[in-house]
Amino acid sequence: MKTVFLTPLAAAAALLIGTAASAQETFKVAYIDPLSGPFANVGELMLTHTQYAIEDINAKGGVLKGTKLQLLQFDSKLSAQESQSALQAAIDQGAKAIVTGGSGSSVVTALVQAAARHNQRNPGKEILVLNHSSIDPELTGKACNFWHFQFEANTAMKMKAIANYIKKQPDIKKVYLLNQDYAHGKQWAHYGREMVGLARPDIQFVGEALHPIGRVKDFAPYLAKVKSTDADSVITGNWGQDMTLLLKAAGDAGYNLRYFNHSAGSIPGTVLAVSQAKQGQLTWVAEWHPGQADTPKVDALAKTYKAKTGKDFLAPRIEMTPRFLAAAINKAQSTDPVKVARALEDLTIDSVVGPVRMRGEDHQLLLPQVVNTIAPVDGKAVKVGWEGTNYGFRTDAAYTGNEIAQGTECKMTRP
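Residues numbered from 1 in each chain as written. Predicted model: local features only at pLDDT ≥ 70, side-chain atom pairs only at ≥ 80, totals over all residues. Heavy atoms only, no water.

How we decide: UniProt positions are given in the numbering used here, feature names are shortened, and annotations may be inferred rather than shown by experiment.
As recorded in an unreviewed UniProt entry, the protein goes by the name Branched-chain amino acid ABC transporter substrate-binding protein, listed as coming from Acidovorax facilis. As recorded by UniProt, the Sequence similarities (unreviewed entry) comment attached to the protein reads in full: "Belongs to the leucine-binding protein family."

Structure (structure tokens):
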């Protein structure tokens, strides 16, 4: 065997080549969501779901037969400015995609716009925005963007499922609209009045109020106004602390209201708050809920997730977001974000909640939605308690992604 000796310069060059090759063995994904402040528990939940999927993908060989996904973590602090700073830091560290959605629609919109500006100015260094939870219809409507992909049913889709359910509930007669004072809260109120009103023209909308997001400590004054209207139901887009404190105040006041919400039951502490209030019924909508019948794939995933993380599994769509990314990279046979984005369009994967498709025209994922209510365990409709309580989730209605799909005003410009 012939021995080859390298000069110091050649050895250094070889080392640089090896280092470059090593650097290309990972595809960096940046997580940007609240990890501090009033919604830190929401951000931690979403981070754990994202981490689990990425670790599982890597354990099975990663993408492109050996490239691993690397997760970077950034705290959005529920701020558009902080999130944009985090985006720039992620770009500087080589991220090619960000996972976000738990910071509210205004923050996600700012991130999408910032990413689009960066991509336009820096061809060849693009970054994708994978949105798992912000449900502003504008993000896949008038403000749609080639670089943004929505993995959660949007506000209009969720409200359509709720309106279809309310249509068959004649005991709901007077509705109050109580929402957070930002884009999403206003949209939840708008679609509630529009879609529920269309489904049930006889319903009276007896009042409406907006409150600061994450800053109200006592909802008693707001509930006093609700009570004065003789409302039997409240359409509220509140989530996290704003939902649990609303439930607490209603329980303390003995108000037995019905609440219609987009995703509150999937947020830690909500079931506990309902059980402690002992008043009211909270109905929400998601692609799946714990204890749902005939969901063996999700049940198996939830079991392995709990065994590995020590935490309860709540959101299949968040866990499937990195899986869509991995599938698109393999389909494109490339880690180039432009090619990955094109591969994501109209991509269908057989997820734990069944086949789901990323609609190419507006980048809106079409996935099932289950209307369900937090209710006491009765051994029949509700068999499993949650968060250490005797309350769980009762399935009220289920709809396919196609059944609740909405038209789109998206006119997307593609590179």
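## Digging into the overall build of the protein
Applied cut-off: Helix and strand definitions here come from DSSP, where helices need a minimum of 4 consecutive H or I residues and strands a minimum of 2 consecutive E residues; each element is numbered from the N-terminal end. Throughout this description, buried means an accessible area under 20% of the type-specific maximum (1.4 Å probe, protein chains only), exposed means over 50%, and partly exposed covers the range between. Should any heavy atoms of two residues lie within 4.5 Å, those residues are counted as being in contact. All accessible areas in this document rest on Shrake-Rupley with a 1.4 Å probe, and a residue is counted as covered only by the protein chains that are shown. Positive charges are assigned to Lys and Arg, negative charges to Asp and Glu, while His and the chain termini are left out of the count. A charge is said to be at NZ when it belongs to Lys, at CZ for Arg, at CG for Asp and at CD for Glu.
Helices and strands together make up the secondary structure of the protein, namely 13 helices and 15 strands. Dimensions of the protein, computed from C-alpha atoms along their principal axes, come out at roughly 90 × 45 × 40 Å. Counting every position in the protein, which comprises 415 residues, the buried fraction comes to 56%. Of all intrachain contacts in the protein linking residues separated by at least 6 positions in sequence, the fraction that spans at least 24 positions is 72%. Within the structure as shown, the protein displays about 17700 Å² of accessible surface, and the carbon and sulfur contribution to it stands at 52%. Each charge sign in the protein was given a centre, from 44 positive and 38 negative side chains, and these centres are 2 Å apart.

## Quick word on the nonpolar core
Buried together is how nonpolar side chains tend to be arranged in soluble globular proteins. Test applied: Within this scheme, the nonpolar core is defined by two criteria: the residues are buried Ala, Val, Leu, Ile, Met, Phe, Trp, Tyr or Cys, and they are joined through side-chain atoms within 4.5 Å.
In terms of nonpolar packing, the biggest core is built from 80 residues, with Leu-130 and Phe-324 touching the most fellow members. By residue number, the principal contributor to this core is helix α5 (residues 155-166), which donates eight residues. Not counting residues within four places of it along the chain, the set of residues in contact with Phe-324 comprises Phe-151, Leu-344, Leu-347, Ile-349, Val-356, Met-358 and Leu-365.

## Quick notes on the packing of α5 against helix α6 (residues 183-199)
Which entries qualify depends on this criterion: Helix axes use the C-alpha atoms of the stretch in contact, all axes being lines fitted to C-alpha atoms, and the angles between their N-to-C directions lie in the range 0 to 180 degrees. What makes a crossing left-handed is the near helix being turned counterclockwise from the far one by less than a right angle; a clockwise turn instead makes it right-handed. Residue polarity follows a fixed list, in which Ala, Val, Leu, Ile, Met, Phe, Trp, Tyr, Cys and Pro are nonpolar, Asp, Glu, Lys and Arg are charged, and the others, Gly among them, are polar.
Where α5 contacts α6, the axes come no closer than 9 Å and their chain directions differ by 35°. Handedness of the crossing formed by α5 with α6: right-handed. Across from Thr-155, Ala-156, Lys-158, Met-159, Lys-160, Ile-162, Ala-163 and Ile-166 in α5, the residues of α6 making contact are His-184, Gln-187, Trp-188, Tyr-191, Gly-192, Met-195, Val-196 and Ala-199. Taken together, the residues of the contact of α5 with α6 sort by class into 10 nonpolar, four polar and two charged.

## So, the pairing of strand β7 (residues 204-211)
Going by this rule: Strands pair, by our definition, only if DSSP identifies at least two bridges between them. Note on handedness: a clockwise path from strand one over the helix to strand two, with the strands aimed away from the viewer, defines a right-handed crossover.
Sheet analysis places strand β6 (residues 174-180) next to β7, joined by seven bridges and oriented parallel. Within β7, the position partnered with Lys-174 by the bridge is Gln-204. With α6 bridging β6 and the parallel β7, this β-α-β connection has right-handed handedness.

## A look at the UniProt feature "domain: Leucine-binding protein" (unreviewed entry) in the protein
UniProt annotation of "domain: Leucine-binding protein" (unreviewed entry) refers to residues 27-365 when read in the numbering used here. The span residues 27-365 shows a helical share of 44% and a strand share of 19%, and its end C-alpha atoms are spaced 23 Å apart.

## Side note on the packing of aromatic side chains
Selection rule: In this analysis, rings of Phe, Tyr and Trp, with Trp reduced to its six-membered ring, are considered paired at centre separations within 6.5 Å, and the interplanar angle assigns stacked below 30 degrees, edge-to-face beyond 60, and tilted for intermediate values.
The full count for this structure, using the stated rule, is nine aromatic pairs. A ring pair is formed by Trp-386 and Phe-393, whose centres lie 6.2 Å apart and whose planes are at 65°; its orientation type is edge-to-face. Here Trp-386 matches Phe-393 in class, with each residue buried. Among the aromatic side chains, those forming a connected cluster through ring pairs are Tyr-52, Trp-288, Tyr-305 and Phe-313.

## Considering the confidence of the model for the protein
Spelled out, the test is: By definition, pLDDT measures how confident the predictor is in each residue, and it falls between 0 and 100.
Residues with a pLDDT of 70 or more make up 94% of the protein, whose mean pLDDT is 93. When the criterion is pLDDT under 50, residues 1-23 qualifies, and its contacts beyond four places in sequence or with other chains add up to one contact.

## Remarks on helix α11 (residues 316-332)
Keep this limit in mind: Expected span of a helix, by definition, is 1.5 Å for each gap between consecutive residues, and there is one gap fewer than residues. What we call the bend at a residue is the angle made by axes fitted to the seven residues finishing there and the seven residues starting there.
With 17 residues, α11 ought to run about 24 Å at 1.5 Å a step, and its terminal C-alpha atoms sit 24 Å apart, in line with that. If you look at α11, its biggest bend is around 25°, right at Pro-322. Along α11, the residues that are buried comprise Pro-316, Arg-317, Ile-318, Glu-319, Met-320, Thr-321, Pro-322, Phe-324, Leu-325, Ala-326, Ala-328 and Ile-329. Just downstream of α11 lies Gln-333, where phi reads positive at about 55°.

## Some remarks on helix α4 (residues 105-121)
In a regular helix each residue adds 1.5 Å, so 17 residues correspond to 24 Å; α4 covers 24 Å between its end C-alpha atoms and thus fits that length. Burial analysis of α4 places 12 of its 17 residues in the buried class, the great majority of the element. Residues of α4 that are buried: Ser-105, Val-107, Val-108, Thr-109, Ala-110, Leu-111, Val-112, Ala-114, Ala-115, Ala-116, His-118 and Asn-119. On its buried side, α4 packs onto β1 (26-33), α3 (80-92), β3 (97-100), β4 (128-131), β5 (148-150) and α6.

## Digging into the environment of Met-320
Mapped onto the fold, Met-320 is located in helix α11. Along the primary structure Met-320 and Val-353 are separated by 33 residues, whereas in three dimensions their C-alpha atoms are 9.9 Å apart. Setting aside anything within four residues of it in sequence, one finds Met-320 in contact with Ser-351, Val-353, Val-356 and Leu-365.

## Description of the side chain of Thr-236
On the secondary structure map, Thr-236 appears in the loop between β8 (233-235) and α8 (241-253). According to the relative accessible area criterion, Thr-236 is buried, its value standing at 0%. Filtering out sequence-adjacent residues up to four positions away, Thr-236 remains in contact with Leu-178, Asn-179, Trp-188, Met-243, Leu-246, Tyr-259, Phe-260 and Asn-261.

## Focus on unusual backbone geometry
Its identity is not glycine, yet Lys-278 carries a phi of approximately 55°, on the positive side. The backbone of Glu-387 sits at a positive phi, close to 55°, despite the residue not being glycine. Inspection of the secondary structure puts Glu-387 in the loop between β14 (369-376) and β15 (391-399).

## Some thoughts on the pattern of salt bridges
Quick reminder of the rule: Salt bridges are counted wherever a side-chain nitrogen of Lys or Arg sits within 4 Å of a carboxyl oxygen of Asp or Glu.
With the rule as written, the count across this model stands at 19 salt bridges. For Arg-258, the salt bridge identified is with Asp-171, shortest N-O distance 3.3 Å. Taken together, the positions of Arg-258 in strand β9 (residues 258-260) and Asp-171 in the loop between α5 and β6 put the pair 87 residues apart, joining distant regions of the chain. Residue Arg-258 is classed as buried on the basis of its relative accessible area, which comes to 9%. For the salt bridge of Lys-306 with Asp-312, the shortest nitrogen-to-oxygen distance reads 3.0 Å. Exposure remark for Asp-312: the relative accessible area of 31% places this residue in the partly exposed category.

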